Structure formats: C-alpha cells, structure tokens
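# Understanding the architecture of this molecule
Listed below are the residues making up each chain.
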Amino acid sequence: LTDTYTFSNGEKIPVVGFGTWQTPDGDVAESSVIEAIKAGYRHIDTAAAYGNEESVGRGIAKSGVARDELFVTTKLWNKVTTYDEAVAAIDESIAKLGLDYLDLYIIHWPNPAPIRETIGFEKRNADVWRAMEEAVEAGKIKSIGVSNFHPYHLDALLKTAKIKPVINQIYVNPSDQQEELVAYNKAHDILTEAYSPLGTGNVLDLPTLVEIAAKHGKSSAQVALKWSLQKGYLPLPKSVTPARIVQNADLFDFELSADEITAIDGLHGAAKLANNPDEVGF
Ligand code: A2P
C-alpha cells in the first residue's frame, strides 16, 4: 500500500485508496478510517457531498499517522458553480477535515443540474478550476483533477486550464469498463481512478472472478481490485467491515496472468449493476 503512481505534475499517490462514499457520517466514518489506516491504507477519498468530511478528518487525526504520510482527497460539489463559491468550498472542506492542505481536490461532476440549463458546463468548470489553480498556488492543494468527466468535458476544460488535471475519477469495474474514457485519460497523461471498483459489490459473484480467485487462494473482490491495478487504474474500494477493509488492501502477493486479465476484460456487461452514474444522466 506504499506503492505509488506518479502524476503528470510529479506528485505521488498511493495505488489503492480507501473509499468513503455511502459511509455514514459519525462514528462509522471515523472508526472505518482509523481501521483503514491501521490496515495500511495511506490514501483516503472523501467528498463534500458524502457529508462525512468532519468524521473522516477525526479518523485521520486519531490514526496517529503523520499528515505527510497520508494522501487525502475531497471533491467540489454540484451546487458550487462560481469562482467565489469554489474559493469558499475549498476552505470549508479543508476546515471540516481539520487539515492544513489537501493532497487532491477534484470537481465531482462535470455538468450537474444547477448549471445544465443556465451557465453551461464550460463556464462553470473553467471558473471553479481557476479557483482550484489559485489554491494550488497558495499551497492549499497539491494536485487538482476531475471526476465523471467525459472526453468532451475534458476537451473544454483543457482550453482554459493553466494546470492540467492529473486524475479523472470514474466508475470503472470489470462489468463497466469505460474503454473510450480510459483511452482518453491515458492519451492525456491523466490517471484513471476507479470508484466502485467492485461495482458496489455486484461483480463479486461473476463465475469468472470466482474461478480465478479460487486458483490464487484470494477472494473475487481481491481479483477485481488486482485487475484494476494491473490495468493501471487506481481502485478505491469502499467497505465499513474491518475484515474486508484488510482484505481489500492485501493485493500484493499475487499476480494475474495475461490470460486471466483477458478473461476479465471479457466481462464487460456481465453483471447487473446498480447506480451506474452514466445512467443518471450527468
Ligand atoms: P461493506 O461496506 O458493508 O463491507 P464498491 O467499492 O465497488 O463501491 O463496493 C462496495 C460494496 O462492496 C459495499 O457494499 C461493501 O460492503 C462491499 N464489499 C467491499 N469489500 C468487499 C469484500 N472484500 N468482499 C465482499 N464485499 C465487499
């Protein structure tokens, strides 16, 4: 878990992150973050919209691990549509997390409802990005990126961005492989971060994963996460269950063969997935 990817700006990010989407605020968020850091995770992913930044921040503070050994990401929410609101949102997230700086701050959604029929995504993203760039210059944020962006959202952002996005956090798992988007990210030196790398748990019973897992003496969750890593993605498994938190970090004592990777590449569309954000229409 100390392995890292290097961003296009030279900063390093631990190759597996601990996801906290749908982790309830309060004791559950706090204790699962403590549990994760104890299990060796050094990368925690939250968002203003998850409503758990304060509890996640308490978990980080209580973990006893030094700030500079941890990598913390949070995200700019949909209601933030102007430069001024973005400046305030950055300060608010930093304060809620109880930190001096963020390692990574990303635009959560490219084209949410509040702007779709008003200012449009081009202007909103350019304006909030300017605030994010200034926060980098001010030392409040080390790296900036995006989430759920399609190529046309990135093309638009790249027209005005002085600092290039280092990461695109997207929904990608063996049953929803986002090939076009992943290829675009790669071509632009943007790291692909995979949220819901287990398809929110829905890929775990796929027979191909179960069979490969049995061969390696691993679980199907570990195989799905290893596939993500071997594809060059950064998976963010979410769990509030201590044994699973530990299991999802235990990925470095086995390797999938080229044939196994090909077999998993063939699973696109194989599982019934819930909550595919692409179907929500953003
Ligand atoms: P829980 O949080 O109750 O432990 P994703 O990361 O794709 O969003 O998937 C998260 C879902 O998968 C959660 O319901 C989580 O349950 C479950 N999960 C996480 N890790 C494992 C695992 N190693 N084995 C089985 N289920 C898991």
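Residues numbered from 1 in each chain as written. Predicted model: local features only at pLDDT ≥ 70, side-chain atom pairs only at ≥ 80, totals over all residues.

### Quick notes on the overall build of the protein
Selection criterion: Helical segments are the DSSP runs of H or I of at least four residues, strand segments are the runs of E of at least two, and each set is numbered from the N terminus. Computation of the radius of gyration draws on C-alpha atoms alone. For the globule rule, the value is 2.2 Å times the number of residues to the power 0.38. What counts as a contact here is a pair of residues whose C-beta atoms, placed from the backbone, lie within 7 Å.
A tally of regular secondary structure across the protein gives 11 helices and 10 strands. Computed over C-alpha atoms, the radius of gyration of the protein comes to 18 Å, within 12% of the 19 Å expected from 2.2 N^0.38 for 282 residues, which places it in the range of a compact globule. Seen along its three principal axes, the alpha-carbon backbone of the protein occupies a region of about 55 × 40 × 30 Å. Looking at the protein alone, contacts between residues at least 24 apart form 75% of all its contacts between residues at least 6 apart.

### Brief notes about the packing of helix α2 (residues 53-62) against helix α3 (residues 83-97)
Just so we agree on the cut-off: With axes taken as lines fitted to C-alpha atoms, and helix axes fitted only over the stretch in contact, angles between N-to-C directions fall between 0 and 180 degrees. Each angle is binned into one of four classes, with values under 35 degrees roughly parallel, values over 145 roughly antiparallel, values of 65 to 115 roughly perpendicular, and all other values oblique. Ten residue types, Ala, Val, Leu, Ile, Met, Phe, Trp, Tyr, Cys and Pro, are classed as nonpolar, four, Asp, Glu, Lys and Arg, as charged, and the remainder, Gly among them, as polar.
Closest axis-to-axis distance for the α2/α3 pair is 7 Å, and the angle between their directions is 45 degrees. With respect to α3, the element α2 is oriented oblique. Across from Glu53, Glu54, Val56 and Gly57 in α2, the residues of α3 making contact are Ser93, Lys96 and Leu97. Among the residues forming the contact of α2 with α3, the class breakdown is two nonpolar, two polar and three charged.

### Quick word on the site of the ligand
To be explicit about the condition: Residue proximity rests on one test: whether the C-beta atom, placed from the backbone, lies within 6 Å of the molecule or strand.
Taken together, 18 residues lie around the ligand, and Leu198, Gly201, Ala221, Ser239 and Thr241 are the ones closest in. Tallied by class, the residues present in the shell around the ligand amount to six nonpolar, 10 polar and two charged.

### Brief notes about the pairing of strand β5 (residues 71-76)
What counts here: Buried residues are those with 20 or more other C-beta atoms within 10 Å of their own C-beta, exposed residues have 12 or fewer, and partly exposed residues lie in between; C-beta atoms are placed from the backbone. DSSP calls a pair of strands paired once it identifies at least 2 bridges connecting them. Here the term right-handed applies to a crossover when the path leading from its first strand over the helix to its second strand runs clockwise, the strands being oriented away from the viewer.
Most of β5 is tucked away, with six of its six residues classed as buried. Both strand β4 (residues 43-45) and β5 contribute to a ladder of three bridges, which runs parallel. The partner of Ile44 across the bridge, within β5, is Val72. The parallel pair β4 and β5 is bridged by α2, and the resulting crossover is right-handed. The parallel pair β5 and strand β6 (residues 102-107), bridged by α3, forms a crossover whose chirality is right-handed.

### Description of the UniProt feature "domain: NADP-dependent oxidoreductase" (unreviewed entry) in the protein
Note the cut-off: UniProt positions are given in the numbering used here, feature names are shortened, and annotations may be inferred rather than shown by experiment.
With numbering aligned to this structure, UniProt lists the feature "domain: NADP-dependent oxidoreductase" (unreviewed entry) at residues 16-267. Between the end C-alpha atoms of residues 16-267 there is a gap of 22 Å, over a span that is 44% helix and 15% strand.

### Points about the packing of α3 against helix α5 (residues 121-137)
Angle between the axes and distance between the axes: these two values describe a pair of packed helices. For the record, the criterion: Crossing chirality is assigned from the near helix's rotation relative to the far helix, an anticlockwise turn below a right angle marking it left-handed and a clockwise turn marking it right-handed.
Their axes nearest at 8 Å, the elements α3 and α5 cross at an angle of 40 degrees. Here α3 is positioned oblique relative to α5, judged by the angle of their axes. The interaxial crossing formed by α3 with α5 has right-handed handedness. Each of Tyr83, Ala86, Val87 and Ile90 in α3 lies in contact with α5, whose residues at this interface are Asp127, Val128, Arg130, Ala131, Met132 and Ala135. Looking at the contact of α3 with α5 residue by residue, the classes come out as eight nonpolar, no polar and two charged.

### Notes on the UniProt feature "binding site: substrate" (unreviewed entry) in the protein
Per the UniProt record, "binding site: substrate" (unreviewed entry) is found at His108. You can see His108 is positioned in the loop between β6 and α4 (113-116). Apart from residues lying up to four places away in sequence, His108 is in contact with Ala47, Ala49, Lys75, Leu76, Trp77, Asn78 and Ser147.

### What about the sheet that holds β6?
The strand order across the open sheet built from eight strands is β3-β4-β5-β6-β7-β8-β9-β10, with neighbouring strands paired in parallel fashion. Across the chains shown, the open sheet's two edge strands, defined by having one partner strand only, are β3 (18-19) and β10 (234-236). Judged from the two bridges that link them, strand β7 (residues 141-147) and strand β8 (residues 167-171) form a sheet pairing that is parallel. Bridging across to β8, Ser147 finds its partner in Gln169. With respect to the sheet, α5 is in contact with β5, β6 and β7, its orientation differing from that of β7 by roughly 160 degrees.

### Quick word on the nonpolar core
A general feature of soluble globular proteins is that nonpolar side chains tend to end up buried together. Rules: By definition, a nonpolar core groups buried Ala, Val, Leu, Ile, Met, Phe, Trp, Tyr and Cys residues that are joined through C-beta atoms within 7 Å.
Core analysis: the largest hydrophobic core is formed by 71 residues, its most contacted members being Tyr105 and Met132. Considering each element in turn, this core owes the most residues, six residues, to helix α9 (residues 220-230). In contact with Met132, not counting residues within four places along its chain, are Ala86, Tyr105, Ile141 and Ile144.

### Here we look at the pairing of β8
Taken across its five residues, β8 has five buried, putting it largely inside the fold. Neither face of β8 is exposed, since Ile167, Gln169 and Tyr171 on one face and Asn168 and Ile170 on the opposite face are all buried. The pairing of β8 with strand β9 (residues 191-195) spans five bridges and is parallel. Paired with Ile170 across the bridge in β9 is Ala194.

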